[in-house]
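Understanding the architecture of this molecule
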There are 2 protein chains.
Amino acid sequence: MPTKANTVNIDKRYHHGDVRAAVLARGLARLEEADAAALSLRELAREVGVSAPALYRHFRDRDALLDALAGEGAAQLAVRQRAASERAGGGEAGFTECGREYVRFALGAPHLFKLMFARLPPPDHGTNSMGAAVAFLHDSIADWLPPGAPDERRKIAAMYFWSLVHGLALLMLDGQLPADPTLVDRVIGREGFGAAFPPPLALAPQSRP
Amino acid sequence: MPTKANTVNIDKRYHHGDVRAAVLARGLARLEEADAAALSLRELAREVGVSAPALYRHFRDRDALLDALAGEGAAQLAVRQRAASERAGGGEAGFTECGREYVRFALGAPHLFKLMFARLPPPDHGTNSMGAAVAFLHDSIADWLPPGAPDERRKIAAMYFWSLVHGLALLMLDGQLPADPTLVDRVIGREGFGAAFPPPLALAPQSRP
DNA sequence: GTTGGCATGTTAGCACCGTAAACATAACGA
DNA sequence: TCGTTATGTTTACGGTGCTAACATGCCAAC
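Definitions and limits used
- Residues numbered from 1 in each chain as written.
- Chains lettered and ligands numbered in written order.
- Predicted model: local features only at pLDDT ≥ 70, side-chain atom pairs only at ≥ 80, totals over all residues.
- Heavy atoms only, no water.
- Helix = DSSP H or I, 4+ residues; strand = E, 2+ residues; numbered from the N terminus.
- Contact = heavy atoms within 4.5 Å.
- Areas by Shrake-Rupley, 256 points an atom, 1.4 Å probe, with all protein chains shown as cover.
- Domains from an automatic or database assignment.
- Buried area = accessible area lost by both parts, 1.4 Å probe.
- Salt bridge = Lys/Arg side-chain N within 4 Å of Asp/Glu carboxyl O.
- Core = buried A, V, L, I, M, F, W, Y, C linked by side-chain atoms within 4.5 Å.
- Buried < 20%, exposed > 50% of the residue type's maximum accessible area, 1.4 Å probe, protein only.
- pLDDT = per-residue confidence, 0-100.

Points about the overall build of chain A
- Helix and strand counts for chain A come out as nine helices and zero strands.
- Going from the N terminus to the C terminus, chain A shows its helices and strands as α-α-α-α-α-α-α-α-α.
- Across chain A, every contact between residues at least 6 apart in sequence was considered, and the portion connecting residues at least 24 apart equals 57%.
- Just so you have it, chain A exposes about 10,500 Å², and 54% of that area is on carbon and sulfur atoms.

Quick look at the structure:
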């Protein structure tokens with residue numbers, strides 16, 4: 001059963017084997033029920049079956065542990081974004097589906113989601129963990145905007161939609177708005193724009209699903 | 001000088017006088033520099049010049065203290081929203097100014113802003129602390145939408161704009177977007193909508209400041 | 001006025017936390 | 001085979017939220 005050679009499966013062996021992975025897994029599990037502030041290093045160590053100071057061999061301090069958890073979350077989000085867009089086939093449909101997935105992720109893992117934004121560095125160079133999700137957002141926008149759209153415009157559009165979806169997600173998981181999936185559709189879909197802008201300003205009548 | 005009769009100003013009197021107000025004031029000040037998680041009850045007690053358990057005469061526990069701080073923040077926000085709207089004279093101008101003020105508040109007091117949404121109950125009955133600001137948002141929308149707009153539509157529009165502004169504020173104060181005031185204007189102003197929607201869908205050409 | 005009750009302070013102490021220091025174990029490469 | 005090194009351990013320190021028991025002094029009823 002053990003993948004590592006010569007690993008004895010006795011419960012009380014001195015070396016755990018992979019404390020880091022175990023702690024991250026337990027941490028993610030713990031975040032499904034409790035706030036990140038309620039996540040104690042000692043508690044995690046206990047649950048993993050190891051002494052507390054052992055964690056310091058794998059994380060500089062509690063902050064670093066939380067950063068790592070946030071990184072895991074960002075990676076998960078990026079994967080799910082990509083899957084959602086593919087599933088919907090790109091274009092406007094793919095983009096809004098991507099937004100829905102964003103909110104879905106947030107509502108499904110509130111504490112992790114909040115932790116991510118509380119700790120992750122800005123997606124500066126497109127390469128760090130959050131960068132993947134954001135870069136994907138930009139690509140999706142590119143799929144949607146007319147081919148010749150200037151880059152500046154694409155950026156504003158991306159920020160615009162990101163803000164919209166991000167705000168909606170957070171207001172819902174903070175209980176300020178009801179966490180209702182159909183409400184998400186209505187707000188980020190055509191109806192939202194239509195409702196937000198009075199008739200003379202509203203969208204030209206077009207493909208209305 | 002002392003407003004209370006018979007109050008001696010000697011520094012070392014047994015009764016502080018108003019621990020609650022002093023603690024809230026120090027707490028708000030502390031939140032200007034540090035995260036709410038870094039706010040220690042004992043530290044506040046020390047700074048106010050009182051023993052730690054004394055705080056329990058005025059707050060049930062640390063949570064209640066943070067709730068109170070969040071309440072103070074919500075009150076401040078409501079006041080500033082109203083002022084901003086009046087200053088701009090209602091209508092669309094008043095509404096977007098209101099949104100700008102929202103973001104300005106968030107950027108000016110990041111920790112307090114986050115604390116508010118982490119702890120305040122939903123604006124259920126319009127009467128609690130956050131209710132004031134939200135009710136005001138709805139009124140502003142009413143000023144803007146055509147007079148006969150159905151209530152359902154007004155609600156969606158309110159959620160839409162609230163999400164937009166809320167998300168923008170949080171992305172900025174989490175460092176995911178640059179905290180640039182002119183960027184705020186561009187995203188929540190006409191340019192944002194225009195950039196977000198390709199020409200056939202975009203706003204009809206109209207009063208463009 | 002005196003006095004007794006009650007709001008508001010105090011000190012002492014508990015269990016928990018994050019983290020550092022010093023030591024123990026075992027995996028691994030020369 | 002044996003030292004080096006990664007990875008664990010125990011112990012200890014100062015900080016935290018919070019409770020219990022006790023102290024002080026304001027205020028109102030006598």
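Some words on the domain arrangement of chain A
Residue and element names in this part refer to chain A.
- Taken as a whole, chain A is organised into domain 1 (18-60) and domain 2 (70-196).
- Its C-alpha centre places domain 1 at a distance of 29 Å from the equivalent point of domain 2.
- At the junction of the two partners, domain 1 supplies eight residues and domain 2 supplies five residues.
- Counting the surface lost from both domain 1 and domain 2, the interface buries some 540 Å², and carbon and sulfur atoms represent 75% of this.
- If you sort the residues of domain 1 by the area they bury against domain 2, Leu-28, Leu-31 and Ala-36 come out on top, with a joint share of 67%.
- The interface formed by domain 1 and domain 2 contains zero salt bridges.

A word on the nonpolar core
- Counting 126 residues, the largest nonpolar core has Leu-69 and Met-116 of chain A together with Leu-69 and Met-116 of chain B as its most contacted members.
- In this structure, Met-116 of chain B is in contact with Ala-70, Gly-73, Ala-74, Leu-77, Phe-105 and Met-130 of chain B, ignoring residues within four places of it in sequence.

Some points on the confidence of the model for chain A
Residues and elements named next belong to chain A.
- Scored by pLDDT, chain A comes out at a mean of 83, with 83% of its residues at no less than 70.
- Here residues 1-10 is a poorly scored stretch, pLDDT under 50, and it has five contacts once near neighbours within four places are set aside; other chains count.
- Confidence drops under a pLDDT of 50 for residues 203-209, and excluding neighbours within four residues, the segment shows 11 contacts in the predicted structure.

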